[in-house]
Amino acid sequence: MNLRAIAVGSLKRRKGKAALVVLGIAVAVAALVLVLSLVLSLRATMDDKLSKFGSNLVVTPASSRLSLSYGGVSVAGAGSGEIPYLTDSALQEVRSVPSAAQVTAAVPVLLQPVKIDGRTFLAMGTDVAESSTVKLWWRVQGRVPTAPGEVLMGQSVRNALGLDPGKSVTINGRPFTVTGWLEETGAEEDNLIIMPLEALSDLTGVKGRLNLIEVTAASTGAVDQLTKEISASVPDASVVSVKKSVEFTNQANSSLAGFGLTITLLIVIISGLVVMITMLTSIKERQKEIGVFRAVGYKQRHIGKLVLIEATVMSAGGAIVGVIVGSAAAFVVPLLVRSLSLTVTPNPLVIVAGVALAFVVGLLAALYPARRAAAMDPAAALKYI
Amino acid sequence: MAIVRVDEVSRHYGEGDARVVALDRVSLDIERGDYTAIMGPSGSGKTTLLSILGSMNPPTDGRLLVDDIDVYALSQERQADLRREYIGFVFQQLELIPYLSALENVMLPLAILKESGKRERALDALCRVGLDERKARRLPSELSGGEQGRVAIARAVVNNPPIVLADEPVGSLDQTTGRQILTLLRELADGGHAVIMVTHNPESTAEVDRVIQIRDGRITCDERPEICTLPEEEGEALPVGGVAG
């Protein structure tokens, strides 16, 4: 027999109190597991949605002379007499960075001024199909261009030219067919004529060059790493992260996590107090028993150790119950609240955090009772004073 | 050399007007093999003396020497060691741990030791008080009062301490069981233990070698039992015999 056997025996004897302590710890653990699971799933879902909201990174030629603007990012050199371009290999290099798996889309963009009926418009040559996949806010009336002789009009251009799908338009003296137009986006697309990259290259004679590459990361968390890697792979380019969506994502995630963790912290504090008060009551009830232990030669540290062993056993119980209940709740809550449209997947880190919390709460809450028990005067405990 | 020497020990509780003198300059020696009863009316100081002898209640003045060791000059930790090595307790209500079996109760003083053979020693102690292995597996609640008393005595002697302190060991037992326990204590003394028993019942002193009577914190008699007895619980007549301090 050793102290562990005595502690376990004591817990068996006081099943009610032990169950209360286990319950207190389990509530704290379940709350943490539930909140962390939901926050992480919400973050993943939001990340996914925001990632699809557009590019996170724009790769442009490295130049300080900027004038043309698109997507909130200026394209270097226009109006200065010389427009710098990205090298031919830039697109391939972007797609070949070490974290290429984190790249959802890399869309090449060539921006060139074109003439229609003597008026100047900005034309964008790109992979129109991929671009429309990434830019979920595009609402195309008609269809996107698939052949070199086809174009898509921004809302403002369509209004200015009065062209509907199926009509022909002469751009820089060459005929094109309008396949569709974009509903008003409120962004630069409204002023663009969009056509396949090869078509604009042929039309303007700017072949094998790009003004920029729009990169969409698989998650906002990958943006910083991709920025570094693309900067290293394409040294003559400037890589700019589209901060707004990243910051919005981070801010939303932080607020959500903060709220959830504040609630959890409150639950943890209340649970810790319940555990501590229950253990203090138990210690008081066992006063005489502790007196006997001291009388037969147990030192203060032996008594403290006994209480802490009991707390450890109860913490383990609380961890098991809490992780199971919290995980079950994390799966049930999204089913009950369908508007969340969440998919919760088991996360080992959440379980580790839950188990760690159980022991932190259990042992911290037991420290004071353990000290009280250890400091108990054996003579007083045995009513000898 | 006396295994226990109480040297001018006083114990006060409270301060000022609330000051109570529980023991007043008490001195005595106890040898190995002595079977001693400490008697006195309620509030006389006998339980205080027992707790001081048990290294659990430091005196206000004076010294307790156990095997020539000044007990209360030791640290709390060393006092705990000394209790384990030198002193076995038999408590008034026996105070067996209800969730531990008889064997585990006897092993209690050994549980904190890192040594082998603890179970065998506990079984041997139980055997010495007449309990077999079958009884050893039972919880205290599954044993008779007498058997519980035997377990309490086995726990007190499992470490083979030179001193056994018993606080009203038969107070809660029926007459037959009480007699068995007193006989067991006598056997312990015959085996070389210094057995010190607190009692207020003169009948419990039938087998003791020596009675120490205490009144108002002072030893009023320290003699053989037939000489040094209280006529009644709150007895008035002082016995014939040595009167200390």
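Values in this document were obtained by computation on a predicted structure and should not be read as measured data.

**Q** Explain the interface of chain B and chain A here, please?
**A** It is common to give the size of an interface as the accessible area lost on bringing the parts into contact. Across the boundary between the two partners, chain B contributes 29 residues, which contact 28 residues of chain A. Counting each side, the surface lost to burial between chain B and chain A is near 2600 Å², with a carbon and sulfur contribution of 65%. It is Met56(B), Tyr99(B) and Ile112(B) that lose the most area in chain B upon contact with chain A, and together they represent 26% of the buried surface on that side. One can count three salt bridges joining chain B with chain A. The partner of Asp81(B) in a salt bridge is Lys299(A), with the nearest N and O atoms 2.9 Å apart. Counting across the interface, chain B meets chain A through six residue pairs in polar contact (both at pLDDT 80 or more). For the side of chain B that touches chain A, the elements supplying multiple residues, two or more each, are α1 (46–53), α2 (76–86) and α3 (102–107) of chain B. Considered class by class, the residues forming the side of chain B that touches chain A number 15 nonpolar, five polar and nine charged.

**Q** So what exactly am I meant to see when it comes to the packing of helix α9 (residues 287–295) of chain A against helix α10 (residues 300–336) of chain A here?
**A** Each pair of packed helices gets described by two things: the angle between the helix axes and the distance between those axes. Residues and elements named next belong to chain A. Interaxial distance between α9 and α10 falls to 9 Å at its minimum, and their mutual angle equals 135°. Here α9 is positioned oblique relative to α10, judged by the angle of their axes. The two elements α9 and α10 meet at a crossing, and its hand is right-handed. On α10, the residues that touch Ile290, Phe293 and Arg294 of α9 are Gln300, Ile303 and Leu306. Tallied by class, residues from the contact of α9 with α10 come to four nonpolar, one polar and one charged.

**Q** What should I look at first to understand the side chain of Glu189(A) in this one?
**A** Residues and elements named next belong to chain A. Along the chain, the position of Glu189 falls in the loop between β9 (174–182) and β10 (192–196). Comment: no salt bridge for buried Glu189; closest opposite-charge side chain is Lys135, at 4.5 Å. Looking at Glu189, its side chain comes within polar contact range of the side chain of Trp138, at 3.0 Å.

**Q** What am I meant to see in the nonpolar core here?
**A** Taken as a class, soluble globular proteins show a tendency for nonpolar side chains to be buried jointly. Formed by 81 residues in total, the largest nonpolar core has its most connected members in Ile6(A), Phe293(A), Tyr298(A) and Leu53(B). Sequence-distant contacts of Tyr298(A), that is, excluding residues within four places in its chain, are made with Leu3(A), Ile6(A), Phe293(A), Ile303(A), Ala80(B), Arg83(B), Leu108(B), Pro109(B), Ala111(B) and Ile112(B). Counting residues in each nonpolar core, the second largest holds 43 residues, with Leu57(A), Val94(A), Leu163(A) and Leu210(A) among its members.

**Q** Help me understand the packing of aromatic side chains in this model?
**A** Think of a pair of aromatic rings as described by two things: how far the centres are apart, and how the planes are tilted against each other in angle. For the structure on display, the rule yields two aromatic pairs over all chains. Ring centres of Phe293(A) and Tyr298(A) lie 5.2 Å apart, and the angle between their planes is 25°; on these two criteria the pair is classed as stacked. On the basis of relative accessible area, Tyr298(A) is assigned to the buried category, the value being 0%. Seen in terms of ring centroids, Phe89(B) and Phe91(B) are 5.5 Å apart; in terms of plane orientation they differ by 0°. Their pairing is stacked. Note on accessibility: Phe89(B) and Phe91(B) belong to one class, buried. Sitting over the ring of Trp181(A), Arg158(A) keeps its end group 4.0 Å from the ring centre.

**Q** For this particular structure, what's the right way to read the sheet that holds strand β9 (residues 210–215) of chain B?
**A** Each strand in a sheet pairs with another by means of backbone hydrogen bonds, the pair being arranged parallel or else antiparallel. Residue and element names in this part refer to chain B. Across the sheet, six strands lie side by side as β6-β7-β8-β3-β9-β10; this open sheet has mixed pairing. Looking along the sheet, the strands with just one partner apiece sit at the ends: β6 (87–90) and β10 (218–223). Averaged over all neighbouring strand pairs, the angle between strand axes comes to 20°, with direction disregarded. Where helix α6 (residues 145–157) meets the sheet, its contacts fall on β6 and β7 (163–167), and the angle it forms with β6 comes to roughly 165°. Taken strand by strand, helix α7 (residues 175–190) contacts β3 (35–39), β7 and β8 (194–199), and its axis lies near 150° from that of β8.

**Q** Would you explain a nonpolar patch on the surface in this entry?
**A** All names here are of chain A. Together, Leu20, Leu23, Val27, Ile270 and Val274 make up a nonpolar patch on the protein surface, roughly 420 Å² of accessible area in all. Within the residue set of the nonpolar patch, elements represented by two or more residues are α2 (15–51) and α8 (243–285). With three residues, α2 is the single largest residue contributor to the nonpolar patch. Relative to the helices and strands, Val274 is located in helix α8. According to the relative accessible area criterion, Val274 is partly exposed, its value standing at 34%.

**Q** Any chance you could explain empty space enclosed by the protein here in plain terms?
**A** The probe, sized like a water molecule, is rolled over the atoms to show the empty space still left. Within the structure shown, the criterion is met by four cavities of 30 Å³ or more. In this structure, the largest cavity spans a volume of roughly 100 Å³. Taken together, the elements giving at least two residues each to the lining of the largest cavity come down to α1 (3–13), α2, α8 and α10 of chain A. Tallying contributions element by element places α8(A) first for the lining of the largest cavity, with four residues. Of the pockets and cavities examined, the second largest cavity occupies roughly 60 Å³. As for the second largest cavity, its lining consists of Val296(A), Arg83(B), Arg84(B), Ile87(B), Gly88(B), Phe89(B), Pro109(B), Arg155(B), Ala156(B), Asn159(B) and Pro161(B). Contributions of two or more residues to the lining of the second largest cavity are made by α2, β6 and α6 of chain B. Ranked by residues supplied to the lining of the second largest cavity, first place goes to β6(B) with three residues. In terms of residue class, the lining of the second largest cavity is built from six nonpolar, two polar and three charged.

**Q** What am I meant to see in the pairing of strand β4 (residues 103–116) of chain A here?
**A** Sheet faces and side chains relate simply in a regular strand, where the side chains alternate between the two faces. All names here are of chain A. Counting buried residues along β4, eleven of its 14 residues qualify, which places the element largely inside the surrounding structure. Across six bridges, β4 lies against strand β11 (residues 212–217) in antiparallel orientation. When the sheet's bridge partners are listed, Val103 is paired in β11 with Ala217. When β4 meets strand β5 (residues 119–126), the two strands line up antiparallel, connected through eight bridges.

**Q** I'm lost on the environment of Gly326(A) in this one. Help?
**A** Residue and element names in this part refer to chain A. Position of Gly326 relative to the elements: it lies in helix α10. Gly326 sits 300 residues away from Ala26 along the chain, and the two C-alpha atoms are 8.7 Å apart. Residue contacts for Gly326: discarding those within four places in its chain leaves Ala30, Val33 and Leu34.

About the criteria used
Residues numbered from 1 in each chain as written. Chains lettered and ligands numbered in written order. Predicted model: local features only at pLDDT ≥ 70, side-chain atom pairs only at ≥ 80, totals over all residues. Heavy atoms only, no water. Contact = heavy atoms within 4.5 Å. Buried area = accessible area lost by both parts, 1.4 Å probe. Salt bridge = Lys/Arg side-chain N within 4 Å of Asp/Glu carboxyl O. Polar contact = N/O pair within 3.5 Å; in protein donor to acceptor, adjacent residues only side chain to side chain. Helix = DSSP H or I, 4+ residues; strand = E, 2+ residues; numbered from the N terminus. Nonpolar A, V, L, I, M, F, W, Y, C, P; charged D, E, K, R; others polar. Axes fitted to C-alpha atoms, helices over the stretch in contact; angles between N-to-C directions. Parallel < 35°, antiparallel > 145°, perpendicular 65-115°, else oblique. Left-handed = near helix turned anticlockwise from the far one by under 90°. Buried < 20%, exposed > 50% of the residue type's maximum accessible area, 1.4 Å probe, protein only. Lys, Arg positive; Asp, Glu negative; His and termini not counted. Core = buried A, V, L, I, M, F, W, Y, C linked by side-chain atoms within 4.5 Å. Phe/Tyr/Trp six-rings, centres within 6.5 Å; stacked < 30°, edge-to-face > 60°. Lys NZ or Arg CZ within 6 Å of the ring centre and 35° of its normal. Pairing = 2+ DSSP bridges. Patch = residues over 30% accessible without salt bridge, like charges linked within 9 Å, V, L, I, M, F, W, Y side chains within 5 Å. Areas by Shrake-Rupley, 256 points an atom, 1.4 Å probe, with all protein chains shown as cover. 1 Å grid on protein atoms, 1.4 Å probe; cavity = no way out; pocket = protein on both sides within 12 Å on 5 of 7 lines; lining within 4 Å. Points joined across faces, edges and corners; volume = space filled by probe spheres on them.

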